[in-house]
Every structure is written in structure tokens, then in C-alpha cells.
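# Understanding the architecture of this molecule
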Amino acid sequence: MITDQFGRTHNYLRISLTDNCNLRCFYCMPEENYDFTPHSKLMQPDEIDTIAKIFVEHGVTKIRLTGGEPFVRKDASKIIRNLGKLPVQLMCTTNGIRIDDMLSEIIQSDFQSINISLDTLQKEKFLKITRRDYFDRVFRNIHLLLQHNIKTKINVVAMKDINDDEISDFIAFTKVHPVEVRFIEFMPFSGNRWSSNQVMTQKDILNIIREKYDFNPLPVGFHDTAKPYSIDGHKGSFSIISTMSEPFCSGCNRIRLTADGKLKNCLFSKKETDLLTPLRNGEDILPIIESAIWSKAKTQGGQLNEQFEKINTSIIQNRSMINIGG
Ligand code: SAM
Ligand code: SF4
């Protein structure tokens, strides 16, 4: 098992397939013009396969594909087919636009679950948040997954004055649809115009839901980032990812691999460890992986040690979310 200096074992690998995307969500991308990484600098399908196998041989049992938008990569099918052969739970986080094109791959590769990001149930607001007009297609694709009985979760970044007025609408959605709606606290990254005033905390979210619904907490697994709740009579459920107001670093089992082959031992770490160059040079990358994970900081990359209201975004050194792989 790959372990850090605090005894945390790491069995969950999140692989970013690309930093390219067909949406432009303001909270994820820098405001200025963003140059996507050219294809030649990305890990190629055989390289992803080789690196993933090394992780699997050393205890990784879950792999999540993410990005950028993983399904904009032209060779995504090939990558998925390769990873689908490994003895892991395969999962994906996607904006949902290309689910229809990828459905047969999703079914054949036996994805454990698909997380679709959808921050609003309103078409016009979707356009404002994402700067692209794809609401209808994403909404149709959520139903397509449900028709095929594929476990579906909806990721909602909860932000004040953006979509806090829709929290109850999302809960109403879970009454009739068997989905887990996951409210994510808004996080700061390079250039994403984060402000602590816009964070809807776990407490804020629960207070809004409480006005209309009685809910019951469900058991939380040691490694889980989302705290789940059920509501009697609802086909679905909801959960909250309280990264800012109540971080969950003590049970962290996650390793991130950026699309250009850099290992990040934490979402918020500024340090990155290049795996792709040594792999291309024929070096053994296992010791490099082990040392990078060993040095993982106790909490939030050693960078966000304050209460979130006091975070000074100007001193955060990190990539943007689209470039890390969420
Ligand atoms: N393109 C895919 C998608 O949108 O699902 C995968 C990549 S995206 C970076 C992964 C997740 O990160 C999405 O659920 C997105 O909403 C979330 N995310 C991006 N920026 C965020 C931020 N600043 N705070 C909280 N969550 C964020
Ligand atoms: Fe693209 Fe996902 Fe980031 Fe939106 S959240 S810009 S869909 S990578």
C-alpha cells in the first residue's frame, strides 16, 4: 500500500485525462485566456495504462476519470477500455455533455457510478455559469443514465447569490429521481474569483433544506468526503462536501494525477511530482510515487490552514481546478 507519514493509506487514484473542456465554468477556470495543454504533452493511453497498473499493484482499488472534461478527449474510449480491464472500481466526473456519445463505453466498462456536474436547474442560469448553451443536453443525459440504471450523482457547487435559491429545487428533484445530489462548498483556486462571502457552508445548506424537509443523517465511511442524508419518501438522497467549513483530511486516501502526468498528493498542494518524464525515460517510477505520497501535508496541502473566512487567496500557489482535475 502507498502510505504517507501520518499513516494514511492511498487506494483512490483520480486521473485527469485533459485540461480541455467544452464548458467555461467561472469557478473552475482562470478569468484570463487559458491555453489548453497540447495533446503531445498529455499522458498517452498506453502511458495512462502503465501508470495506473503500477498504482493498482500497490493497493489502488478505485480510479476516477476527471479533467477538464474527460469525455472531450478523442481517445477517451481507448483509455476507458484499457482501465476497464483493471481490477478496480471505475468512476468518472463529467459535465455530462457527451454521455450520449459515450454510453456504450460506460456500459461496457462497468462504471461504478457517474458524477455529473450541474449547478442549476435553470437553462438561462446554466448559460451564465458555464458560458455555453448545453443545459438541455446535460439534463437529457442525466435521464439517459437513469434509464440505463447507472448509478448517478449530481455535483452542485453551492454559491451565495448564484444558486443558493435552488437548493430546495435540487432536493425536490431527489423526490422523484434516484440520484444523490452532492452540494460542494465553493473552493479557492488560482484565478477563480473565489471569495469567502460566496461560500455556502454545510450549515447554511442544511438550514435551507431544514425549512422544507426533515432529513436523516446516513452513516459516513472513514474515507468519504460527502456526508450523506436521506429524506423519507424520496427516491434519491443528498450529501454535502464541506471542504471549506469542515475539512476531512484525516481520512484522505486520494492521489491525483494531472493530465500532463504530474502527481499531486493533495488537491491544495503546490508541490507536484513529475511521473511522465521519468516514465518516458524508462525509470522506475514507484519510488518517486512513494516518496511524493510520504511527504503529503497533514491538512489541505499545508496551504489553507486558516479558518476559510481568513484565507488570503493571493498567497495560494496552485493550479486552477480545470488544470488539476477535480
Ligand atoms: N468537467 C468535469 C465536471 O465538470 O464534472 C470534471 C472536472 S470538474 C473540475 C470536477 C468537479 O470539480 C466538478 O464537480 C466541479 O463542479 C468541481 N469544481 C470545479 N471548481 C470548483 C470550485 N472552485 N469549488 C468547488 N468545486 C469545484
Ligand atoms: Fe469544465 Fe468541469 Fe471545469 Fe466546468 S467544472 S469548466 S465542466 S472542467
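The residue count restarts for each chain, going from 1 along the sequence in the order it is written. Chain letters start at A and ligand numbers start at 1, both assigned in the order the entries are written. For this predicted model, a pLDDT threshold of at least 70 governs which residues receive local features, and a threshold of 80 or more governs which side-chain atom pairs are given and counted, while totals over whole chains, interfaces and linings are taken from all residues. Each side-chain value is worked out from all heavy atoms of the structure, with water and hydrogens disregarded.

As named in an unreviewed UniProt entry, the chain is GTP 3',8-cyclase, taken from Chryseobacterium gambrini. UniProt positions are given in the numbering used here, feature names are shortened, and annotations may be inferred rather than shown by experiment. Looking at the chain in UniProt, the text filed under Cofactor (unreviewed entry) is "[4Fe-4S] cluster". As its UniProt record puts it under Catalytic activity (unreviewed entry), the chain is described as follows: "GTP + AH2 + S-adenosyl-L-methionine = (8S)-3',8-cyclo-7,8-dihydroguanosine 5'-triphosphate + 5'-deoxyadenosine + L-methionine + A + H(+)".

### Brief notes about helix H1 (residues 45-57)
Because each turn of an α-helix spans 3.6 residues, side chains separated by three or four positions in sequence point in the same direction. Between the first and last C-alpha of H1 there are 18 Å, a value that for 13 residues agrees with the 18 Å anticipated at 1.5 Å per step. A simple rule labels every residue: compare its accessible area, found with a 1.4 Å probe on the protein chains alone, to the largest value its type can have, and call it buried under 20%, exposed over 50%, or partly exposed in between. Comment: elements are numbered from the N terminus, with helices defined as DSSP H or I runs of at least four residues and strands as E runs of at least two. Restricting attention to buried positions, one finds in H1 the residues Pro45, Glu47, Ile48, Asp49, Ile51, Ala52, Ile54, Phe55 and Val56. A positive backbone phi angle near 105° is found at glycine 59, which sits one or two residues after H1. Under the convention used throughout, the expected extent of a helix is 1.5 Å for every residue step, that is, one less than its residue count.

### Observations regarding the side chain of threonine 94
You can see threonine 94 is positioned in strand E5 (residues 89-94). Distance and chemistry together define a polar contact, namely a pair of N or O atoms within 3.5 Å, with one atom able to donate a hydrogen and the other to accept it when in protein, and with adjacent residues in sequence counting only for side-chain atoms on both sides. Side chain to side chain, threonine 94 and glutamate 69 meet in a polar contact 2.7 Å long. The residues touching threonine 94, leaving out its near neighbours within four places in the chain, are Glu69, Phe71, Ile99, Ile114, Asn115, Ile116 and Ser117. For this analysis, residues touch if any pair of their heavy atoms sits within 4.5 Å.

### A short note on the packing of aromatic side chains
For Phe, Tyr and Trp, rings pair up if their centres lie within 6.5 Å, where Trp contributes its six-membered ring, and each pair is then called stacked (planes under 30 degrees apart), edge-to-face (over 60) or tilted (otherwise). Using the criterion set out here, one finds 11 aromatic pairs in the structure. Ring geometry for phenylalanine 135 against phenylalanine 139: centres 5.3 Å apart, planes inclined by 20°, an arrangement best described as stacked. Highlighted residues: phenylalanine 135 and phenylalanine 139, both in helix H5 (residues 135-147), separated by 4 residues, approximately one helical turn. Note on phenylalanine 135: relative accessible area 7%, which makes it buried. Note on phenylalanine 139: relative accessible area 25%, which makes it partly exposed. Feature note: the residues Phe170, Phe183, Phe215, Tyr229 and Phe238 constitute an aromatic cluster, connected by ring pairs. Note on geometry: a ring has a charge over it if NZ (lysine) or CZ (arginine) is within 6 Å of the ring centre and within 35 degrees of the ring normal. Positioned above the aromatic ring of tyrosine 12, the side-chain terminus of lysine 62 is 4.9 Å from the ring centre.

### A look at the environment of isoleucine 116
The topology assignment puts isoleucine 116 in strand E6 (residues 113-117). The class for isoleucine 116 is buried, based on a relative accessible area of 0%. Once the C-alpha coordinates of isoleucine 116 and leucine 13 are considered, the two residues, 103 residues apart in sequence, prove to be 18 Å apart.

### A closer look at the sheet that holds strand E4 (residues 62-66)
For two strands to count as paired, DSSP must find a minimum of two bridges between them. Taken together, 12 strands build an open sheet; the order of strands is E9-E10-E11-E8-E7-E6-E5-E4-E3-E12-E13-E14 and the sheet is mixed. The sheet terminates laterally at strand E9 (216-217) and strand E14 (273-274), the two strands that pair on one side only. Of the pairings in the sheet, the one linking E6 to strand E7 (residues 152-158) comprises 4 bridges and is parallel in character. Across the sheet, isoleucine 114 pairs through a bridge with threonine 152, a residue of E7. Strands in contact with helix H6 (residues 167-176) are E7, strand E8 (180-185) and strand E11 (237-241); relative to E8, the strand with the most contacts, it is inclined by about 155°. Angular values range over 0 to 180 degrees, each being the angle between N-to-C directions of two axes fitted as lines to C-alpha atoms, with helices fitted over their stretch in contact.

### Topic: the site of ligand 1
We call a residue near a given molecule or strand whenever any one of its heavy atoms falls within 4 Å of it. Around ligand 1 sit 20 residues in total, of which Tyr27, Gly68, Ser117, Asn155 and Met187 are the nearest. The backbone of tyrosine 27 places a nitrogen or oxygen atom 3.0 Å from a nitrogen atom of ligand 1. Serine 117 is positioned such that a nitrogen or oxygen atom in its side chain is 2.5 Å from an oxygen atom of ligand 1. Relative to its unbound accessible surface of 540 Å², ligand 1 loses 95% to contact with the protein. Of all the secondary structure elements, the ones that give two or more residues to the shell around ligand 1 are E5, E7 and E8. Only the protein chains shown count as cover for residues, and the accessible areas themselves come from Shrake-Rupley with a 1.4 Å probe.

### Details of unusual backbone geometry
In this structure, arginine 131 takes a positive phi of about 60° despite not being glycine. Here arginine 131 is to be found in the loop between helix H4 (123-130) and H5. Among the residues examined, arginine 131 registers a relative accessible area of 38% and is labelled partly exposed. At asparagine 149, a residue that is not glycine, the phi angle is positive and equals roughly 55°. With respect to the helices and strands, the residue asparagine 149 is situated in the loop between H5 and E7. Given the relative accessible area of 71%, asparagine 149 is considered exposed.

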